[in-house]
Amino acid sequence: MKKLLTFALAATAMVGAMAQDFPSRPITIVVPFAAGGPTDTVARQLAEAMRPHLGNASIVVENAAGAGGTIGAGRVARAAPDGHTLLVWHIGMASTASLYRRLPFNALQDFEYLGIINDVPMTLVGKPQLPANTYRDFENHIRANAGRLNLAHAGLGSASHICGLMWQHAMGLQQAMTTIPFGGTAPAMTALMGGQVDVMCDQSTNTVSQIEAGRIKAFAVTTAQRLNDHPTLRHYPTLQEMGLRNFNLTIWHGLYAPRGTPPAVTQRLNAAMRAAMRDPVFIQRQNALGALVATDNRITPEGHRAFVTNQINQLRVVIEAAGQFAD
Ligand code: MLT
């Protein structure tokens, strides 16, 4: 019995020391899309706000794009579970479960859930040359040119892909547009501004600055309520106002570590993330892009995991209703 107690005390001391020593080297946050896009923006702003709460450790954001974010997510699932490799990903953690027959990870088994970061509205946007200035004109133009326009997204299961799927289904226009995948909506945005693609549904964190600069046209937002608190997005109707009943899509981002990362380390990371999310500068930067920092129980590991579990089930219904099945 004495030996067992000694061992338990030694193990506790070791874990405590691990947490105290953490981080012992630079932390890498993997973003599974191209640099400069909405996921990348969230990750970089979060990393900057977390650093003071992790002993000013170096936090490097690495972009590992491809396959709708599943390549980067798979990389983190296989990383050493020591807290120095993390993942920032969004709704794709839930949507890809219904869209890929084979995935390099299991969403609920291969990650430690560190908390939800924010909620982000999506915006229906078009290239500057698009002959439409209101949502009604926009939708009429799409109907009149069914099969001749293209919609850009960031790969199967990405937020822009899911939004495009739901929106075309809600319009009763399945496959009305050719879809063109990119490594993220940063390169897709460049193509849209250049007129190489016609339409996109993208997160406000990536579209607000381009809308305000007049480099793209905006037509609607995907949330159930108008975004009256945002100086730019408040001017755009919701898709529900435009007759697409019950359309309601908000993109959320979460922070993850590989399964098996010690609890002392995940608790340290969750505490640093929550402290960052109370930082007025982080909150202001997110709000300026239309994003709302999470404050509910989803910022706890248990709340985060329960939320994603529910989202996997909800999105399966949405994806199957939209007629898209696993590739
Ligand atoms: C998405 O469409 O999933 C994201 O906007 C991709 C990205 O962050 O680039």
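The UniProt entry for the chain carries the following text under Sequence similarities (unreviewed entry): "Belongs to the UPF0065 (bug) family."

Caption draft 1: Structural context of the packing of aromatic side chains. What the rule picks out here adds up to eight aromatic pairs. When the centroid spacing of 5.9 Å and the interplanar angle of 65° are considered together, the rings of F111 and Y256 count as edge-to-face. Here F111, found in strand 4 (residues 111-126), pairs with Y256, found in strand 9 (residues 250-258); they are 145 residues apart in sequence, far enough to count as distant. Residue Y256 is classed as buried on the basis of its relative accessible area, which comes to 0%. Above the plane of the ring of F307 lies R298, whose end atom (NZ or CZ) is 4.9 Å from the centre.

Caption draft 2: Representation of helix 8 (residues 204-212) in the model. Here helix 8 lies mainly inside the structure; seven of its nine residues are buried. For helix 8, the complete set of buried residues consists of S204, T205, N206, T207, V208, Q210 and I211. Looking at the buried positions of helix 8, the neighbouring elements they touch are helix 2 (38-50), strand 4, helix 7 (185-193), strand 7 (199-203), strand 8 (217-221) and helix 10 (280-288). Downstream of helix 8 by a residue or two, G214 has a phi angle that is positive, lying close to 75°.

Caption draft 3: Spotlight on the nonpolar core. In terms of nonpolar packing, the biggest core is built from 88 residues, with M50, M93, F111, F138 and W167 touching the most fellow members. The greatest single-element share of this core, amounting to eight residues, is contributed by strand 4. Both domains that meet at this core, namely domain 1 (20-119 + 251-322) and domain 2 (121-235), each give it at least three residues. Apart from residues no more than four positions distant in its own chain, M93 is found in contact with L87, F105, A107, F111, Y113, W252, Y256 and V308. Counting residues in each nonpolar core, the second largest holds 16 residues, with A191, V221, L227 and L233 among its members.

Caption draft 4: Fine view of the pattern of salt bridges. Evaluated as defined, the whole model comprises ten salt bridges. Of the charged contacts, one joins E241 and R226 as a salt bridge, the two residues approaching to 2.8 Å between their closest N and O atoms. Placement of E241 in the loop between strand 8 and strand 9 and of R226 in the loop between strand 8 and strand 9 is noted, with a sequence separation of 15 residues between them. The class of E241 is partly exposed, set by a relative accessible area of 41%. Here the residues in one salt-bridge network are D119, D296 and R298, joined through shared partners.

Caption draft 5: Local environment of the site of the ligand. The environment of the ligand is formed by F33, P38, T39, H90, A154, S158, A159, S160, G184, T185, D202 and Q203. The side chain of H90 places a nitrogen or oxygen atom 2.5 Å from an oxygen atom of the ligand. A distance of 2.8 Å is found between an oxygen atom of the ligand and a backbone nitrogen or oxygen belonging to A159. Secondary-structure elements contributing two or more residues to the shell around the ligand are helix 2, helix 6 (159-170) and strand 7. In the shell around the ligand, the residues fall into four nonpolar, seven polar and one charged. Among the domains, domain 1 (20-119 + 251-322) and domain 2 (121-235) are the pair contributing at least three residues each to the shell around the ligand.

Caption draft 6: Region of interest: the pairing of strand 1 (residues 27-31). With five of five residues buried, strand 1 lies mostly within the body of the structure. Residues I27, I29 and V31 point to one face of strand 1 and T28 and V30 to the other, with burial holding for every one of them. Relative to strand 2 (residues 59-63), strand 1 runs parallel, the two sharing five bridges. Bridge pairing in strand 2 links T28 to V60. Handedness of the crossover joining strand 1 and strand 2 through helix 2: right-handed. Where strand 1 and strand 3 (residues 85-89) come together, three bridges link them in parallel fashion. When the sheet's bridge partners are listed, V30 is paired in strand 3 with L87.

Caption draft 7: Structural context of the packing of helix 6 against helix 11 (residues 301-321). Interhelical geometry of helix 6 versus helix 11 gives an angle of 55° and a closest axis separation of 9 Å. With respect to helix 11, the element helix 6 is oriented oblique. Considering only the axes of helix 6 and helix 11, their crossing is left-handed. Of the residues in helix 11, those in contact with I162, L165, M166 and H169 of helix 6 are L315, V318, I319 and A321. Here the contact of helix 6 with helix 11 is composed, by residue class, of seven nonpolar, one polar and no charged.

Caption draft 8: Examining helix 2 more closely. In this model, helix 2 (13 residues) spans 18 Å end to end at C-alpha, consistent with the 18 Å of a helix rising 1.5 Å per residue. Summarising burial for helix 2: eleven of the 13 residues are buried, a large majority. All of the buried residues along helix 2 are P38, T39, D40, T41, V42, A43, Q45, L46, A47, A49 and M50.

Rules of the game
- For every chain, the first residue of the written sequence is number 1, and numbering continues from 1 along that sequence.
- Under the rules for a predicted model, residues below a pLDDT of 70 receive no local features and side-chain atom pairs below 80 are neither given nor counted, while totals for whole chains, interfaces and linings still include all residues.
- As a rule here, side-chain values come from all non-hydrogen atoms in the structure, and water together with hydrogens is ignored.
- UniProt positions are given in the numbering used here, feature names are shortened, and annotations may be inferred rather than shown by experiment.
- Here is the rule: rings of Phe, Tyr and Trp (six-membered ring for Trp) pair when centre to centre is within 6.5 Å. Planes less than 30 degrees apart are stacked, more than 60 are edge-to-face, and the remainder are tilted.
- Elements are defined by DSSP. Helices are runs of H or I of four residues or more, strands are runs of E of two residues or more, and each kind is numbered from the N terminus.
- Only protein chains enter the area calculation, which uses a 1.4 Å probe; residues under 20% of their type maximum are buried, those over 50% are exposed, and those in between are partly exposed.
- A ring is scored as having a charge over it whenever the NZ atom of a lysine or the CZ atom of an arginine sits within 6 Å of its centre and within 35 degrees of its normal.
- We call two residues in contact when some of their heavy atoms are within 4.5 Å.
- Grouping buried Ala, Val, Leu, Ile, Met, Phe, Trp, Tyr and Cys residues that are joined through side-chain atoms within 4.5 Å yields what is termed a nonpolar core.
- Boundaries between domains were set according to an automatic or database domain assignment.
- Each salt bridge in this description consists of a side-chain nitrogen of Lys or Arg and a carboxyl oxygen of Asp or Glu lying within 4 Å of one another.
- One heavy atom suffices: a residue is near a molecule or strand as soon as one of its heavy atoms comes within 4 Å of it.
- A 3.5 Å cut-off defines polar contacts: any pair of N or O atoms within that distance qualifies, except that in protein one atom must be a possible hydrogen donor and the other a possible acceptor, and neighbouring residues in sequence count only when both atoms are side-chain atoms.
- When residue character is reported, Ala, Val, Leu, Ile, Met, Phe, Trp, Tyr, Cys and Pro are called nonpolar, Asp, Glu, Lys and Arg charged, and the others, Gly included, polar.
- Should DSSP find at least two bridges between two strands, the strands are regarded as paired.
- Here the term right-handed applies to a crossover when the path leading from its first strand over the helix to its second strand runs clockwise, the strands being oriented away from the viewer.
- Interaxial angles span 0 to 180 degrees and are taken between N-to-C directions of axes, which are lines fitted to C-alpha atoms, for helices over the stretch in contact.
- Note that the term roughly parallel is reserved for angles under 35 degrees, roughly antiparallel for angles over 145, roughly perpendicular for angles of 65 to 115, and oblique for everything else.
- Two helices cross in a left-handed way if the nearer one is turned anticlockwise from the farther one by less than a right angle. They cross in a right-handed way if the turn is clockwise.
- Helix span, expected: 1.5 Å multiplied by one less than the number of residues in the helix.

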